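# Commentary on secondary and tertiary structure
In case you want the letters, here they are:
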Amino acid sequence: MNPLPSTDAGLDQTICAGASVTLTGSGASTYSWDNGVTNGLSFTPASTTTYTVTGTSAAGCTKTDQVVVTVNPIPTVFAGNDISICEGQTVTLTGSGASTYSWNNGATNGATFTPPVGTVTYTVTGTTAAGCTNTDQVIVSVNPNPVVSFTPDVTMGCVPLSVNLTNTTVGSTNCVWTISNGDVANGCGTINTTFTAPGCYDVTLTTTSANGCTSSLTSPNLICAEAAPNANFTPSATLLEDVNTIVSFNNTSIGATDYLWPFGDNSGTSVLSDPTHDYASAGYGTFGVTLYAYSPLGCVDSAFATIQINEPVIFYVPNTFTPDFDDYNQSFQPIFTSGYDPYDFTMLIFNRWGEIIFETHDASRGWDGSYGSNRETEMVQEGTYTW
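This text gives an overview of the structure that appears in the document. Keep in mind it's a predicted model, so treat the numbers as computed, not measured.

Criteria and thresholds
- Residues numbered from 1 in each chain as written.
- Predicted model: local features only at pLDDT ≥ 70, side-chain atom pairs only at ≥ 80, totals over all residues.
- Heavy atoms only, no water.
- Helix = DSSP H or I, 4+ residues; strand = E, 2+ residues; numbered from the N terminus.
- Rg over C-alpha atoms; globule rule 2.2 N^0.38 Å.
- Buried < 20%, exposed > 50% of the residue type's maximum accessible area, 1.4 Å probe, protein only.
- Contact = heavy atoms within 4.5 Å.
- Areas by Shrake-Rupley, 256 points an atom, 1.4 Å probe, with all protein chains shown as cover.
- Lys, Arg positive; Asp, Glu negative; His and termini not counted.
- Salt bridge = Lys/Arg side-chain N within 4 Å of Asp/Glu carboxyl O.
- Polar contact = N/O pair within 3.5 Å; in protein donor to acceptor, adjacent residues only side chain to side chain.
- Phe/Tyr/Trp six-rings, centres within 6.5 Å; stacked < 30°, edge-to-face > 60°.
- Lys NZ or Arg CZ within 6 Å of the ring centre and 35° of its normal.
- Pairing = 2+ DSSP bridges.
- Axes fitted to C-alpha atoms, helices over the stretch in contact; angles between N-to-C directions.
- Disulfide = S-S within 2.5 Å.

## Thoughts on the overall build of the protein
Check the secondary structure of the protein and you find zero helices and 34 strands. Rg of the C-alpha trace for the protein: 56 Å, well past the compact-globule value of 21 Å for 387 residues, more than 25% over. If you line up the protein on its principal axes, its C-alpha atoms span 190 × 50 × 25 Å. For the protein, the proportion of its 387 residues judged to be buried stands at 32%. Excluding contacts between residues fewer than 6 apart, the proportion of contacts in the protein whose partners are at least 24 apart in sequence is 50%. Summed over its atoms, the accessible surface of the protein is roughly 22200 Å², and 50% of this surface lies on carbon and sulfur atoms.

See below:
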């Protein structure tokens, strides 16, 4: 009697779906497998199956053995939907459909991170408890934020200061200007704003690109507006005789640092704060003095005064008269001693309301205190009158 072969189908195997196995019998001379398996030839089982091998010895004796091939399913891994974000924003990649997950490109499952600008494909490998794996991909597109820029046409000046602000940001579709004087404006071109109070102001421009990304730029203290100074001065004298022609000027301007004085006599100017000027060579007449006061930013204000230089007195004008029909002081008139032109004489008398109550062009004719015409004259009241 011939002995049976010691047929052995091998150890049971566990694989993942899609993997191949090779079943090889031992202990006999030839082997025959069921389920279409060929001894020693790899194949891909579709599901968990028990495979039987029949081993035949050289004497023709046979014996069978079995092996179980367990096929575990691969996971249906999902990396998530594709993502589009703006520069600086964060994302969290989380896989599903497996037990554990491993990402490429430095990502960690469920951990938040900030991806770089550009488009990156992230691949996740999901592994089941049985060790079967599958992959999926998600595309993360990071759009760049706009690089905000703008320019003002002026950065400093005097109030009211009008400033044109021009957006120079490339590709901006929505622009909001915020200024620390309280103004808010919309527009991606040039906007105008006026600063009516002195001070330095911040300007912020927020722009949105075509892909919806937003960025801002703040320029602190970009615009400085300065109030004009208040120019004022007092001359030591405004009415001079040719024996005393020196005038000192007391500058009482507020908010100024630089000054310019034209003295009105074509003798040049001064930049002193409190100058003194000699009108000795100016001659007789009235001279206009102007003070130009400048702030540190060049804002200017001016003040004006007149200096009158008279010739020596050549006539006498009384300050009172008494028209009471006696023999003394019956009329008011100047008394010339020398140096006057009788054909260039005019005297006007005004009351307190500025009305002309007497007029003459004859130096020998004085005012007798009467007022009126057409033989309806009457004496004015006792009082003070201007001539």
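Read on, since the account is not over.
## Focus: unusual backbone geometry
Each neighbour pair has its own omega, and for Val159 with Pro160 the value is -5 degrees, a cis peptide bond. As for its placement among the helices and strands, Pro160 is situated in the loop between strand 14 (156–158) and strand 15 (161–167). Its identity as a non-glycine residue notwithstanding, Asn266 has a phi of 60 degrees, on the positive side. Take Asn266: it is sitting in the loop between strand 24 (258–262) and strand 25 (269–270). One non-glycine residue, Asn329, lies in the positive phi region at around 50 degrees. The topology assignment puts Asn329 in the loop between strand 29 (315–316) and strand 30 (335–336). For Asn329, a relative accessible area of 52% puts it in the exposed group.

## Quick notes on the environment of Ala363
Mapped onto the elements, Ala363 comes out in the loop between strand 32 (356–360) and strand 33 (370–371). For Ala363, a relative accessible area of 12% puts it in the buried group.

## Topic: the side chain of Glu226
If you trace the backbone, Glu226 turns up in strand 20 (residues 214–226). For Glu226, which is buried and forms no salt bridge, the nearest opposite charge comes from Arg352, at a distance of 45 Å. A polar contact is formed between the side chain of Glu226 and the side chain of Ser295, at a distance of 2.2 Å.

## Side note on the packing of aromatic side chains
Per the counting criterion, the structure on display carries 13 aromatic pairs. Centre to centre, the rings of Phe43 and Tyr51 are 5.5 Å apart; their planes meet at 70 degrees, and the pair counts as edge-to-face. Look at Phe249 and Trp261: their rings are 5.4 Å apart centre to centre, the planes differ by 40 degrees, and that puts the pair in the tilted class. Of this pair, Phe249 sits in strand 23 (residues 246–251) while Trp261 sits in strand 24; the two residues are twelve residues apart in sequence, bridging distant segments of the chain. Overall, the relative accessible area of 3% leaves Phe249 in the buried class. Assessed through its relative accessible area of 0%, Trp261 is described here as buried. By the ring-pair criterion, three or more aromatic residues cluster together here, those being Phe321, Phe332, Phe358, Trp367 and Tyr385. Sitting above the plane of the Trp353 ring, Arg352 keeps its charged end 5.5 Å from the centroid.

## Describing the sheet that holds strand 23
Strands belonging to one sheet form pairs held by backbone hydrogen bonds; the direction of such a pair is parallel or antiparallel. In spatial order, the strands read 21-23-26; together these three strands make up an open sheet with antiparallel pairing. The sheet terminates laterally at strand 21 (233–235) and strand 26 (276–278), the two strands that pair on one side only. Each strand of the sheet is rotated relative to its neighbour by a mean of 20 degrees, with strand direction disregarded. Sheet topology places strand 23 next to strand 26; three bridges connect them, and they run antiparallel. Of the residues in strand 26, the one forming a bridge with Ser248 is Thr276.

## Comments concerning the state of the cysteines
Within this structure, the stated rule accounts for five disulfides. Paired by a disulfide, Cys16 and Cys132 hold their sulfur atoms 1.9 Å apart. Judged by the sign of its S-S torsion, about -95 degrees, the cystine formed by Cys16 and Cys132 is left-handed. With Cys16 in strand 1 (residues 13–16) and Cys132 in the loop between strand 11 (118–127) and strand 12 (133–143), the pair connects residues that are 116 residues apart, well separated along the chain. Exposure remark for Cys132: the relative accessible area of 1% places this residue in the buried category. With a sulfur-sulfur separation of 2.0 Å, Cys200 is cross-linked through a disulfide to Cys224. Disulfide Cys200-Cys224: the torsion about the S-S bond is 110 degrees, which places it as right-handed. With Cys200 in strand 19 (residues 199–209) and Cys224 in strand 20, this pair connects stretches of sequence that are 24 residues apart. By relative accessible area, Cys200 is classed as partly exposed at 41%. Residue classification places Cys224 among the buried positions, given a relative accessible area of 18%.

## Observations concerning the pairing of strand 19
Sheet topology note: the strand 16 (residues 172–179)/strand 19 ladder contains seven bridges and is antiparallel. Each residue of the ladder has a partner; that of Val176, found in strand 19, is Thr206. Examined bridge by bridge, strand 19 and strand 20 share nine bridges and lie antiparallel to one another. The residue of strand 20 that forms the bridge with Val203 is Ser219.

## Points about the sheet that holds strand 5 (residues 49–56)
The strand order 1-6-5-3 describes an open sheet built from four strands, whose pairing is mixed. Among the strands making up the open sheet, the edge pair consists of strand 1 and strand 3 (30–33). Mean inter-strand twist for the sheet, computed between neighbouring axes without regard to direction, equals 30 degrees. Pairing of strand 5 with strand 6 (residues 62–72), which is carried by eight bridges, proceeds in the antiparallel orientation. Residue Thr54 lies in a different strand from strand 6, and its bridge partner there is Thr64.

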